[in-house]
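So you can see what is in the structure, the chains are spelled out below.
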Amino acid sequence: MKAQQLAQPSGYADLSRPLKLLTYAMLLVGAFSMALPFVWMVSTACKPPAELNTFPIQWFPQQPMCMENLTELYDQSPNFNRYLLNSAIMTLGRTVGQFITCSLAAYGFARFRFPGRGVLFALCLGLLMVPFQAILIPEYMLLNRLGWLNTLTALIVPGSFSAFALFLLRQAFLQIPIEFEESAELEGANPLQVLWYVTLPLSVPALAAFAVITIQAAWNDFLFPLVAANTPETRVATIGISLLQGERNTPWNILMMGSFLATLPMLLMFVVLQRYFIEGVSLSGLRTMR
Amino acid sequence: MRKVSLPDLPEVSRNIMTIALNWLGRTPLTRRRALWGLALVAPNVLGLLFFFGIPVLNAFITSFQEWNAIKPPVPIGFANFERLANDSAFWQALTNTLKLLIFAVPVGVASALFVALLLNQQLRGRGIFRTIYFLPVVTSTVAAAMVWTWIFQPRYGLAGNLLSPLGLRDLNWLTRPDLVLIPIGIVMVWQRIGFDMVLFLAGLQNIPRQLYEAAIIDGANRWQRFRFVTLPMLSPTTFFIVLLSVINAFQVFDQVYVMTARTTRGGVGGSAVTLTYFMYDRGFLKSEFGYASAIAMVLFLIILGMTILQLRLQRRWVYYESEGGV
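Note that residues are indexed from 1 along each chain, following the sequence as it is written. All chains are assigned letters beginning at A, and all ligands numbers beginning at 1, according to the order in which they are written. Under the rules for a predicted model, residues below a pLDDT of 70 receive no local features and side-chain atom pairs below 80 are neither given nor counted, while totals for whole chains, interfaces and linings still include all residues.

1. Observations concerning the overall build of chain B
Phase 1: We count a stretch as a helix when DSSP gives it H or I for four or more residues in a row; a strand needs E for two or more, and each element gets its number in order from the N terminus. For chain B, the count of helices and strands is 13 helices and two strands.
Phase 2: The quantity called the radius of gyration is restricted to C-alpha atoms. Its globule counterpart is 2.2 Å times the number of residues to the power 0.38. Taken over the C-alpha trace, chain B has a radius of gyration of 28 Å; the compact-globule value for 326 residues is 20 Å, which it surpasses by more than 25%.
Phase 3: When the backbone C-alpha atoms are referred to their principal axes, chain B occupies close to 100 × 70 × 30 Å.
Phase 4: With C-beta atoms placed from the backbone, a residue counts as buried when 20 or more other C-beta atoms lie within 10 Å of its own, as exposed when 12 or fewer do, and as partly exposed for counts between those limits. Counting across all 326 residues of chain B, residues that qualify as buried make up 44%.
Phase 5: Excluding contacts between residues fewer than 6 apart, the proportion of contacts in chain B whose partners are at least 24 apart in sequence is 67%. By definition, residue pairs are in contact when their C-beta atoms, positioned from the backbone, come within 7 Å.

Shown next, in the form of structure tokens:
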């Protein structure tokens, strides 16, 4: 709803020509500084070692060797594909998990009266206030006791529950006219069928916003995987690239290639699903994305 | 008065049943719906309690214990907090966090507001600009910090090269204790502007057009319209964004971990250690779980305070844009 409004500017009045040019100039300078690190990352990722340390700098590689650097990355970090795969598994697992638990719970809280509803919902909202960092140690202990440390289970299961997604989806479900659901019930559908065939299809924009935010947060997660699953078999991509630089002094072109690979999926997703990102941010605002 | 007598067992159980049924609902239909409701919310609520609720309690308990890798936990009262108060490393971490906050929050929020104001005009290419400004938000902080580490390398880094006319080419941004927070703060701002910008744009969209029309009729110029219409109407949004940014600043970890990896993690002499990094270091590198939990409690209380403030302000925020806010 807000995203549609965003598409239409609400400037107070038409700008005069010089002002308009000035605005463009400032926006261009800003956009250039925001984009510069990306350009520099890609440019470095394709440079031969000899072009890394030059003065003055070379903006673009003279003898690009993207493929060679990619091969070199896998020589330095043979498990890098495994790390990318683990990131994908963690991201997919958490997103599907949250989709199931949170859409069920959001539907329950939005449309059913049951004893303790207010208390339980307040409890979930209260958990929104807990910064994840503050429970890192007990979370680690818990995973240790469950025997889940250094497993993909540890990366997926605790992240499959969310107070934030519950809140977001409940808001979306509440905005659906209840008559749609009631008429489905009159025709004999049980609540799960109503949710699946009526409520969820009517909430696609909110679900998309939920999905992109969850995917983005999971893919970029670092601190939790760092303490919960840091073995060659279970490492995710963010840890993979941080290891590249920490343990050996990997050259910058290889590091930039690794960073580029770890960033690319999110950049692509954002460019395609931009609308939902923006909508998710302005809809939810309640909590930072990371 | 009824005669007092020992009720027979079936009657007791029937009474309990009735109470339980009435608790669920008055009619069979409402009972059925109540059971459905409970069943639907159960997975997420139980999962949240198990993986987040109980750890919150445990964090609290552990902060009053001495617990390291060798010995089992022993309750020691407030000793961890007393030690914290006398630990210069803790004060350094707190100071570093506050320095980052004082740099990154005003710069980030002001830049975001500025960009949002520019983008809130009738311009071509707004969408493309918005995309570019938002890109850093979706980038992983680790990858972003990696790129900026490369940019801030002395001699051959991009920053040094751009600053070489000023004679700053050989500056050791990431190893000098007096400089290391600057690159970290820049990464924070760079990744934050797009996020705040989107919230500001949403806030700007909610200012009724009529106010500007009335101001124009009253002869207000561009600056006066900004000063007396936009700014006051945007103040709830601004408060909200500032608080979100402050909370975000207290959680900084990835940048410190990545950007100081080449020399001393946490910066030379702890010059880049933030509160979250300090907790990670004591808990996971030095295995002082009790002490690290006390640090986590401090972090928790600070952020809790901020969040409560934020929620109170947000109520006002939502009220202001009541005609369709969420």
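2. Observations regarding the overall build of chain A
Phase 1: A count of helical and extended segments in chain A gives 14 helices and zero strands.
Phase 2: When the elements of chain A are put in sequence order from the N terminus, they spell out α-α-α-α-α-α-α-α-α-α-α-α-α-α.
Phase 3: Projected onto the principal axes, the alpha-carbon positions of chain A cover approximately 75 × 65 × 35 Å.
Phase 4: Long-range pairs, those at least 24 residues apart, make up 76% of the contacts in chain A between residues at least 6 apart in sequence.

3. Regarding the interface of chain A and chain B
Phase 1: Across the contact, 92 residues belong to chain A and 88 residues belong to chain B.
Phase 2: Top contributing element to the side of chain A that touches chain B by residue count: helix H14 (residues 252-284) of chain A, with 15 residues.
Phase 3: Under the convention adopted here, Pro, Cys and the residues Ala, Val, Leu, Ile, Met, Phe, Trp and Tyr are nonpolar, Asp, Glu, Lys and Arg are charged, and Gly plus all remaining residues are polar. Classifying every residue of the side of chain A that touches chain B by side-chain character gives 62 nonpolar, 24 polar and six charged.

4. Notes on helix H2 (residues 17-45) of chain A
Phase 1: Residue count minus one, scaled by 1.5 Å, sets the expected span of a helix. For H2 of chain A, which comprises 29 residues, the first-to-last C-alpha distance of 41 Å matches the rise-based estimate of 42 Å (1.5 Å per residue) to within 8%.
Phase 2: By definition, a residue's bend is the angle between the axes fitted to the seven residues ending there and the seven starting there. Where H2 of chain A bends most, at Ala35 of chain A, the angle is about 40°, and the proline Pro37 of chain A comes one to four residues later.

5. Let's talk about the domain arrangement of chain A
Residue and element names in this part refer to chain A.
Phase 1: Per the annotation, domain bounds derive from an automatic or database assignment of domains. We note that the domain assignment places domain 1 (12-74) and domain 2 (76-284) within chain A.
Phase 2: Each of domain 1 and domain 2 has a C-alpha centre, and these two points are 32 Å apart.
Phase 3: The partner domain 2 presents 13 residues to the 12 residues of domain 1 that form the contact.
Phase 4: Elements that contribute at least two residues to the side of domain 1 that touches domain 2 include exactly H2 and helix H3 (66-76).
Phase 5: Examining the composition of the side of domain 1 that touches domain 2, we find that five residues originate from one element, H3, more than from any other.
Phase 6: Looking at the side of domain 1 that touches domain 2, its residues break down into eight nonpolar, two polar and two charged.

6. A look at the domain arrangement of chain B
Phase 1: You can read the domains of chain B as domain 1 (9-62) and domain 2 (79-320).
Phase 2: Domain 1 of chain B and domain 2 of chain B are separated by 42 Å when their C-alpha centres are compared.

7. Side note on the nonpolar core
Phase 1: Counting residues in hydrophobic clusters, the biggest one holds 168 residues, and the most contacted among them are Leu169 of chain A together with Ile295 and Ala296 of chain B.
Phase 2: The greatest single-element share of this core, amounting to 15 residues, is contributed by helix H8 (residues 181-205) of chain B.
Phase 3: Not counting the four nearest positions on each side in its chain, Leu169 of chain A is found in contact with Cys102, Ser103, Ala106, Ala206 and Phe210 of chain A. Core membership is restricted to buried Ala, Val, Leu, Ile, Met, Phe, Trp, Tyr and Cys residues, and these are joined into a nonpolar core through C-beta atoms within 7 Å.

8. Points about the confidence of the model for chain A
Residue and element names in this part refer to chain A.
Phase 1: As a per-residue measure, pLDDT reflects the predictor's confidence and takes values from 0 up to 100. Averaged over all residues, the pLDDT of chain A is 87; the fraction at 70 or higher stands at 91%.
Phase 2: Looking at the elements of chain A, mean pLDDT is at its lowest for helix H1 (residues 2-6), recorded as 42, and at its highest for helix H4 (residues 80-111), recorded as 96.
Phase 3: Scored below 50 in pLDDT, residues 1-8 makes 13 contacts in the model with residues more than four places away or belonging to other chains.
Phase 4: Below a pLDDT of 50 lies the segment residues 286-290, which in the model reaches 13 contacts outside its immediate sequence neighbourhood of four places, other chains included.

9. Structural notes on the packing of helix H5 (residues 117-128) of chain A against helix H8 (residues 163-174) of chain A
Residues and elements named next belong to chain A.
Phase 1: All axes here are fitted lines through C-alpha atoms, helices being fitted over the stretch that makes contact, and every angle between N-to-C directions spans 0 to 180 degrees. Orientation of H5 relative to H8, taken along the N-to-C sense of each, is 120°, at an axis distance of 8 Å. Here H5 is positioned oblique relative to H8, judged by the angle of their axes. Note that H5 runs across H8; the crossing there is left-handed. Here Cys124, Leu125, Leu127 and Leu128 of H5 come into contact with H8, specifically with Ala163, Phe164, Leu166 and Phe167.
Phase 2: Partitioning the contact of H5 with H8 into residue classes produces eight nonpolar, no polar and no charged. When an angle is under 35 degrees it counts as roughly parallel; over 145 it counts as roughly antiparallel; between 65 and 115 it counts as roughly perpendicular; any other value is oblique. Take the far helix as the reference: if the near one is turned anticlockwise from it by less than a right angle, the crossing is left-handed, and if turned clockwise, right-handed.

10. Digging into helix H6 (residues 141-151) of chain B
Phase 1: Taken across its 11 residues, H6 of chain B has 11 buried, putting it largely inside the fold.
Phase 2: Inspection of H6 of chain B places Thr141, Val142, Ala143, Ala144, Ala145, Met146, Val147, Trp148, Thr149, Trp150 and Ile151 of chain B among the buried residues, and these make up the whole buried set.

11. Some points on the environment of Ser271 of chain B
Residues and elements named next belong to chain B.
Phase 1: Its place among the elements puts Ser271 in the loop between helix H11 (254-259) and helix H12 (275-285).
Phase 2: Measuring from C-alpha to C-alpha, the distance between Ser271 and Leu98 comes to 13 Å, with 173 residues separating the pair along the chain.
Phase 3: Excluding anything up to four places from it in sequence, Ser271 contacts Pro177 and Val180.

12. Some words on the environment of Met141 of chain A
All names here are of chain A.
Phase 1: Positionally, Met141 belongs in helix H6 (residues 136-146).
Phase 2: Under the C-beta neighbour-count criterion, Met141 is labelled partly exposed, with 18 such atoms within 10 Å.
Phase 3: Taking C-alpha positions, Met141 is 9.7 Å from Ala228, a pair spaced 87 residues apart along the chain.

13. Let's talk about unusual backbone geometry
Most peptide bonds take the trans form, and the phi angle of most residues other than glycine is negative.
Residues and elements named next belong to chain B.
Phase 1: Backbone geometry places Arg155, a non-glycine residue, at a positive phi of 70°.
Phase 2: Along the chain, Arg155 turns up in the loop between H6 and helix H7 (158-163).
Phase 3: The class for Arg155 is partly exposed, based on 13 C-beta atoms found within 10 Å.
Phase 4: Here the phi dihedral of Ser287 falls at roughly 55°; this positive angle occurs in a residue that is not glycine.
Phase 5: Along the chain, the position of Ser287 falls in the loop between H12 and helix H13 (289-320).

14. Examining the environment of Ile278 of chain A
Phase 1: Along the chain, Ile278 of chain A falls in helix H14.
Phase 2: Residues Ile278 of chain A and Ile213 of chain A, 65 residues apart in the sequence, show an inter-C-alpha distance of 9.8 Å.

15. Quick notes on the confidence of the model for chain B
All names here are of chain B.
Phase 1: Model confidence for chain B is summarised by a mean pLDDT of 87, while 93% of its residues fall at 70 or above.
Phase 2: The spread of mean pLDDT over the elements of chain B runs between helix H1 (residues 9-24), the lowest at 77, and helix H4 (residues 88-119), the highest at 95.
Phase 3: Confidence drops under a pLDDT of 50 for residues 319-326, and excluding neighbours within four residues, the segment shows six contacts in the predicted structure.
Phase 4: Model confidence for the complex is summarised by a pTM of 0.88, with the ipTM given as 0.89.

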